[in-house]
Each structure stands twice: as structure tokens, then as C-alpha cells.
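# Architecture at a glance
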Amino acid sequence: MTMELQPSITSRNAIKVSRRSVWSDTVWQFDTMRPGVPASARKIDWRFQLPDGSWFTDPHWTELREAAKLYLWSLKSDPPGRVRCRDGTLAARFRQLRI
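Residues numbered from 1 in each chain as written. Predicted model: local features only at pLDDT ≥ 70, side-chain atom pairs only at ≥ 80, totals over all residues. Heavy atoms only, no water.

### Structural notes on the pattern of salt bridges
Using the following cut-off: In what follows, salt bridge is the name for a side-chain nitrogen of Lys or Arg lying within 4 Å of a carboxyl oxygen of Asp or Glu. A run of H or I in DSSP becomes a helix once it reaches four residues, and a run of E becomes a strand once it reaches two; helices and strands are each numbered from the N terminus. Here's how the labels work: a residue is buried when its accessible area is under 20% of the maximum for its type, exposed when over 50%, partly exposed in between, all with a 1.4 Å probe on protein chains only.
Enumeration according to the criterion identifies three salt bridges in this entry. Of the charged contacts in the structure, one is a salt bridge between Arg12 and Glu66, with a shortest N-O distance of 3.2 Å. In this pair, Arg12 is assigned in helix 1 (residues 9-12) and Glu66 in helix 2 (residues 62-77), connecting sequence segments 54 residues apart. In this structure, Arg12 and Glu66 share a single accessibility class: buried. Across the pair Asp87 and Lys76 runs a salt bridge, and its minimum N-O distance is 2.4 Å. A residue pair is termed long-range when its members are at least 10 positions apart, and Asp87 in helix 3 (residues 87-98) and Lys76 in helix 2 qualify at 11 residues. Assessed through its relative accessible area of 11%, Asp87 is described here as buried.

### Section: helix 2
To keep things clear, this is the line we draw: For a helix, the expected span equals 1.5 Å multiplied by the residue count minus one.
Here helix 2 contains 16 residues, and its C-alpha end-to-end distance of 21 Å stays within 8% of the 22 Å for a straight helix at 1.5 Å per residue. Among all positions in helix 2, only Arg65, Glu66, Ala68, Lys69, Leu72, Trp73 and Leu75 are buried.

### Quick word on the side chain of Ser21
Heads up, the rule is: Throughout this description, a polar contact denotes any pair of N or O atoms lying within 3.5 Å of each other; where both atoms belong to protein, one of them has to be capable of donating a hydrogen while the other can accept it, and for residues adjacent in sequence the pair is counted only when both atoms sit in side chains. Contacts are assigned to residue pairs that have any heavy atoms within 4.5 Å of one another.
Along the chain, Ser21 turns up in the loop between helix 1 and strand 1 (27-29). Accessibility expressed as a relative area gives 2% for Ser21, which makes it buried. Among the polar contacts listed, one links the side chain of Ser21 to the backbone oxygen of Val27, at a separation of 3.5 Å. At a separation of 2.7 Å, a polar atom in the side chain of Ser21 contacts the main-chain amide nitrogen of Gln29. Ignoring sequence-local partners within four residues, the contact set of Ser21 consists of Ile15, Lys16, Val27, Trp28 and Gln29.

What follows is the structure, given as C-alpha cells:
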């Protein structure tokens with residue numbers, strides 16, 4: 001008997017990452033309403049072009065994209081040390097991953 005430790009991509013697609021976005025959205029828009037928070041800290045846009053000319057949303061990047069999403073989501077939902085990251089921190093970590 002095999003046991004799946006993580007939900008499949010299909011079952012994750014309905015996970016709400018904010019009031020405005022679900023897991024499968026190309027852009028995760030966060031609910032951050034704090035004054036002075038720049039627009040870049042309120043969203044994660046998974047559609048960006050890579051050096052080879054492909055887009056991170058292309059099907060052949062699905063496995064890596066899902067791994068990145070799982071990593072970032074874990075920082076908010078089940079972080080090491082139990083200090084949950086704010087939305088702006090998730091967006092900043094995403095920018096670090098892109099580099």
C-alpha cells in the first residue's frame with residue numbers, strides 16, 4: 001500500500017491563498033491592506049519569462065512551480081519555528097527564488 005504524503009496538484013488547486021486568489025491562479029493576490037505596502041508586496045505573479053525564453057507557467061515547469069508554491073505556502077501555513085510569514089514576506093521570498 002502506498003500513501004500519498006502531499007495532496008495532488010488537482011486537489012491543491014482549490015486551496016484559497018487569500019480572499020481573492022486560489023492555488024491555481026497565475027497571480028496570487030494577497031489581502032494586505034496596510035498603508036505604504038507596495039503593489040509588488042501584495043502579489044506573486046507566477047508568469048515570468050525565463051532565460052531560455054519559456055515562461056514559468058509553461059507545462060514543463062509545473063513540477064518546479066508547484067515545489068516553489070509549496071515552499072512559500074509552508075512559510076505561511078506551517079512555518080519552521082511557528083512564526084507565520086506575512087504576505088509581503090512571501091512576495092519577497094518569491095522574488096529571491098526568481099533570482
